[in-house]
Amino acid sequence: MSERLYSVAEANACLPILRERLPRLREARQALIDASERVTARVAADPGGVSEPAWFPAQQAVKTEMLALADLGVVLRDTGLGLVDFPSERDGEPVYLCWKLGEDEVAFYHGDRSGMSGRMPL
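Attention in this report is confined to the structure presented alongside it. In this text, all values refer to a predicted model and were calculated from it rather than measured experimentally.

Brief notes about the sheet that holds strand β3 (residues 93–100)
With antiparallel pairing, the 5 strands of this open sheet are ordered in space as β1-β2-β3-β4-β5. Two strands lie at the open edges of the sheet, namely β1 (75–78) and β5 (120–121), each paired on one side alone. One ladder, built from 8 bridges, connects strand β2 (residues 83–90) with β3; its direction is antiparallel. Paired with S88 across the bridge in β3 is V95.

Written as structure tokens, this is what we have:
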């Protein structure tokens, strides 16, 4: 588990940042996948020097967003869903406060050995 532990209030305070960054990360990830697929198709047709100008900016955008999430100390579980866990404690036990893009606030948690399927209301 991460060194930083979040309270529910601290996790909720991060949501505006996550609402901004997670869609950018999702878009950059998809752009990287699309660019990689184009490179793969071109290499199959012509194995000589292939370039894809969109790959490098997409890769940099993914890196930037991932580093920003790492700086927050949150755990990205699913880019597509925008699923993020905040390391926390409940009754002295390690847990994750669980939030998904589209939810109004952090309202669930799960143990450190279970995932979204084990989410319980706070």
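Considering helix α1 (residues 8–45)
An ideal rise of 1.5 Å per residue puts 56 Å on 38 residues; α1 measures up with 53 Å between its terminal C-alpha atoms. Along α1, the sharpest kink reaches roughly 45°, centred on I17. Listing the buried residues of α1 in full gives A11, C14, L15, L18, L22, L25, A28, L32 and A35. Against α2 (55–72), β1, β2 and β3 lie the buried residues of α1.

Let's talk about α2
With 18 residues, α2 extends 26 Å from end C-alpha to end C-alpha; this agrees with the ideal 26 Å at 1.5 Å per step. Of the residues making up α2, those classed as buried are A58, V62, E65, A68, L69 and L72. Angular distribution of buried residues about the axis of α2 spans 130°; they occupy a single face of the element. The outward face of α2, more than 90 degrees from its buried face, is lined by the exposed residues F56, A70 and D71. The elements touched by buried residues of α2 are α1 and β1. One or two positions beyond α2, positive phi appears at G73, with a value near 85°.

Some remarks on the side chain of E103
Looking at where E103 falls in the secondary structure, it is placed in the loop between β3 and β4 (108–111). At 2.7 Å, the side chain of E103 and the side chain of R119 are in polar contact. Not counting residues up to four positions away in its chain, the partners in contact with E103 are R19, C98, F108 and R119.

Quick look at the nonpolar core
With 21 residues, the main nonpolar core has Y6, L18, F86 and W99 as its most contacted residues. Of all the elements, α1 adds the most residues to this core, at 8 residues. If we ignore the near neighbours within four places in the chain, the residues touching F86 are Y6, A11, C14, L15, L18, V74, V95, Y96, L97, W99 and V106.

What counts as what
Residues numbered from 1 in each chain as written. Predicted model: local features only at pLDDT ≥ 70, side-chain atom pairs only at ≥ 80, totals over all residues. Heavy atoms only, no water. Pairing = 2+ DSSP bridges. Helix = DSSP H or I, 4+ residues; strand = E, 2+ residues; numbered from the N terminus. Expected span 1.5 Å × (residues − 1). Bend = angle between axes of the 7 residues up to and from the residue. Buried < 20%, exposed > 50% of the residue type's maximum accessible area, 1.4 Å probe, protein only. Contact = heavy atoms within 4.5 Å. Arc of directions from axis to C-beta. Polar contact = N/O pair within 3.5 Å; in protein donor to acceptor, adjacent residues only side chain to side chain. Core = buried A, V, L, I, M, F, W, Y, C linked by side-chain atoms within 4.5 Å.

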